[in-house]
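# Examination of the molecular architecture
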Amino acid sequence: MAEEKVPPKHDHATLEFPQGFLWGAATSAHQVEGNNTKNDWWDWEQGREKEFRSGEACDQYRRYEEDFDLAKELNHNSHRLSLEWSRIEPEEGKFDLDEIEHYVKVLKYLKSLNFTVMLTLHHFTNPQWLAKKGGWENSKSAWYFERFVKTIVPKLKDYVDMWITINEPQILVWGSYIEGCWPPQKKSTLATIKATWNLVQAHKKAYKAIHKIIPEAKVGIAQNVQSYTAYHKHSIVEQVGVIVSDFMANHIFYTLSHGYHDFLGLNYYLHHRLKSKGLKPELVDVTAFSKDVSDLGWEIFPEGIFDVLTDLSDGIPIYITECGIATTNDDRRIRFLMQYLQEVYRAIQAGVKVKGFFYWSLLDNFEWAEGFDPKFGLVEVDLQTKKRVVKPSAKVYADIVAHNGIRHELMKFLGHRIHVADVLEEKT
Ligand code: BGC
C-alpha cells in the first residue's frame, strides 16, 4: 500500500509576493533636498523656531548619489521621489535650465542603477510666486501647474516609469485651509472648496498633458487613505459615521477625477475609531486607550491597510506609495514592517492588485510642521554632519526584498523570540 502523504502541520513557507513586485522607499524634495528657498513652506518656516525650519534638511540635493547607492545596497528595485517646482520655475513662466539639468542628472543616476522610478510632480510645496497669487485658491492654478508639467515632462520622460501628479491633494487642503496648520494657515470653507476643485482640475490637466507627450504613460496620484471603524458594532450612528468619513477622506478625490487614473497610489498611515455622542459620531482619542501608537500619536493598526486596499480596489493596479512609522525605537519599525506587509500580502491573496510598496521614508527627514523630531527613516541622518547610518529595520526590509516576501524565520521576530540580526543572512 502506498504511503499516505501527511501534509506538514505548520506552514514554514515564505509569504511570497507576486513576481515583479516593486519594493522601494519614498521621499519628497522639500523634506530631503535642503535649501528650497523659493517655495511657500520656506517662507513660512522662517517665522518659526530653528528646529522647525527645513534648512539644509538631508542635503540630498548634493548627496543624491550616496542615497541612491544606499537604496541599491538595500536591494530596493524602485524609488519614489519628487521634483521641487519652485526650483524649476522660480519666477512665473521663467524656467531654470540648470535646475532642470540637475533633475535630469538625478533621474539618470537612478536609472543607471536600474531602479523603476516613480516621480511626484507636486508634493505639498508651491513656488512663492504662486502662493502670492493665492495658491490653489487661484482659478488659474491648475493652468499654471499644467504649464509646468508640459515644460518638464518632455525633459524627464526617458528616466521616469510612473508619474504621480499630486501627492495627497486632500491633506494639502486639510492642512492649508481646514485645520489651518500649514501655509497659508487659513480656515475657510470657501477656500477649501476652491482649492479642492482646482487640484482636481490640475490633476486632470496634468494627466492629459502627460498622455499627450507619452501615450503609454502610467499616471496617478498618491492619495492619503484612512481606515475607520465603529467603536460599537451595533451603533447605527457610528456605522453611518464610518461610511461618510470613508467617502470624504478616501473616495471624494477619486470620484471627482474618475477616469484619470492609470493606477491608484495609496498612502496609508491612519486608523480612526468613531464613538457616538448622542447623534454625533466623534473620533476617539486613541492615545488614551492604546499604547501602540507611533511617536506622532498615530495608532498602529495593520488591519487598516487591508481595509483600505479592499475598499478602494476597483481593478486597476494599486501601489502603496507611502506607509511608515515615526519611531525612535527601530524594533518597532521592524515589527511594523512585518505586520503591515502581512496585511498587504493578505489583500493580494484576497484578489487586490497590489503591485508595489514604497516605505516612507528612505531617510529620517523634515516632517513638515513637526520639524525633524519624528523619525520615519530606514536610514538615520545626522543633522549636523549629514552622515547616513543604516538602521536594522533597513536590513530587515532588504531581506524581505531579496526574498520577494517575508521569510518564516523573520516572522518569529513578531513573537519576540529572536534577535532579528540572528536570522538575517548577512549579519549586522
Ligand atoms: C506625506 C509625507 C509625510 C508623511 C508622514 C504623508 O502625508 O506625503 O510628506 O512626511 O505623510 O507624515
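Let me begin by describing the structure that accompanies this report. (Residues numbered from 1 in each chain as written. Predicted model: local features only at pLDDT ≥ 70, side-chain atom pairs only at ≥ 80, totals over all residues. Heavy atoms only, no water.)

Another aspect to go through is the site of the ligand. If you check the shell around the ligand, you find 13 residues, and the closest are Gln31, His123, Glu168, Glu367 and Trp368. One nitrogen or oxygen atom from the side chain of Gln31 is found 2.8 Å from an oxygen atom belonging to the ligand. Here an oxygen atom of the ligand and a side-chain polar atom of Glu322 are 2.9 Å apart. Considered on its own, the ligand offers 310 Å² of accessible surface; in the complex 95% of this is hidden by protein. Broken down by class, the residue content of the shell around the ligand amounts to 6 nonpolar, 4 polar and 3 charged. (Near = heavy atom within 4 Å. Polar contact = N/O pair within 3.5 Å; in protein donor to acceptor, adjacent residues only side chain to side chain. Areas by Shrake-Rupley, 256 points an atom, 1.4 Å probe, with all protein chains shown as cover. Nonpolar A, V, L, I, M, F, W, Y, C, P; charged D, E, K, R; others polar.)

Another aspect to go through is the pairing of strand S3 (residues 78-82). Within S3, 5 of the 5 residues are buried, which leaves it mostly tucked inside the rest of the structure. Here strand S2 (residues 22-26) pairs with S3 via 3 bridges, running parallel. For Ala25, the partnering residue across the bridge sits in S3 and is His79. (Buried < 20%, exposed > 50% of the residue type's maximum accessible area, 1.4 Å probe, protein only. Helix = DSSP H or I, 4+ residues; strand = E, 2+ residues; numbered from the N terminus. Pairing = 2+ DSSP bridges.)

With that settled, consider helix H8 (residues 169-178). The element H8 is largely enclosed, with a buried count of 8 among its 10 residues. Turning to H8, its buried residues number three or more, namely Pro169, Gln170, Ile171, Leu172, Val173, Gly175, Ser176 and Tyr177. Lining the buried residues of H8 we find strand S4 (116-122), strand S5 (162-167), helix H9 (189-213), strand S6 (219-230) and helix H10 (236-256). (Contact = heavy atoms within 4.5 Å.)

Inspection of the entire model under this criterion finds 23 salt bridges. Here Arg273 ties to Glu299 by a salt bridge, and the two come within 2.6 Å at their closest N and O atoms. With Arg273 in strand S7 (residues 264-277) and Glu299 in the loop between helix H11 (286-289) and helix H12 (303-312), the pair connects residues that are 26 residues apart, well separated along the chain. Here the residues in one salt-bridge network are Glu89, Glu92, Lys133 and Arg147, joined through shared partners. (Salt bridge = Lys/Arg side-chain N within 4 Å of Asp/Glu carboxyl O.)

Two elements in contact, helix H13 (residues 330-349) and helix H14 (residues 392-402), have axes separated by 8 Å at closest approach and are oriented at 25 degrees. As the angle between them shows, H13 and H14 are arranged roughly parallel. The two elements H13 and H14 meet at a crossing, and its hand is right-handed. Each of Asp330, Arg333, Ile334, Leu337, Met338 and Leu341 in H13 lies in contact with H14, whose residues at this interface are Pro392, Ser393, Val396, Tyr397 and Ile400. Here the contact of H13 with H14 is composed, by residue class, of 8 nonpolar, 1 polar and 2 charged. (Axes fitted to C-alpha atoms, helices over the stretch in contact; angles between N-to-C directions. Parallel < 35°, antiparallel > 145°, perpendicular 65-115°, else oblique. Left-handed = near helix turned anticlockwise from the far one by under 90°.)

Turning to a negative patch on the surface, a few remarks are in order. Where like charges cluster on the molecular surface, the negative patch consists of Glu49, Glu51, Asp295, Glu370 and Asp373. Its location among the elements puts Asp373 in the loop between strand S10 (354-360) and strand S11 (379-381). Judged by relative accessible area, which is 64%, Asp373 ranks as exposed. (Patch = residues over 30% accessible without salt bridge, like charges linked within 9 Å, V, L, I, M, F, W, Y side chains within 5 Å. Lys, Arg positive; Asp, Glu negative; His and termini not counted. Charge placed at Lys NZ, Arg CZ, Asp CG, Glu CD.)

Everything listed here is a matter of geometry and, on its own, says nothing about what the molecule does.
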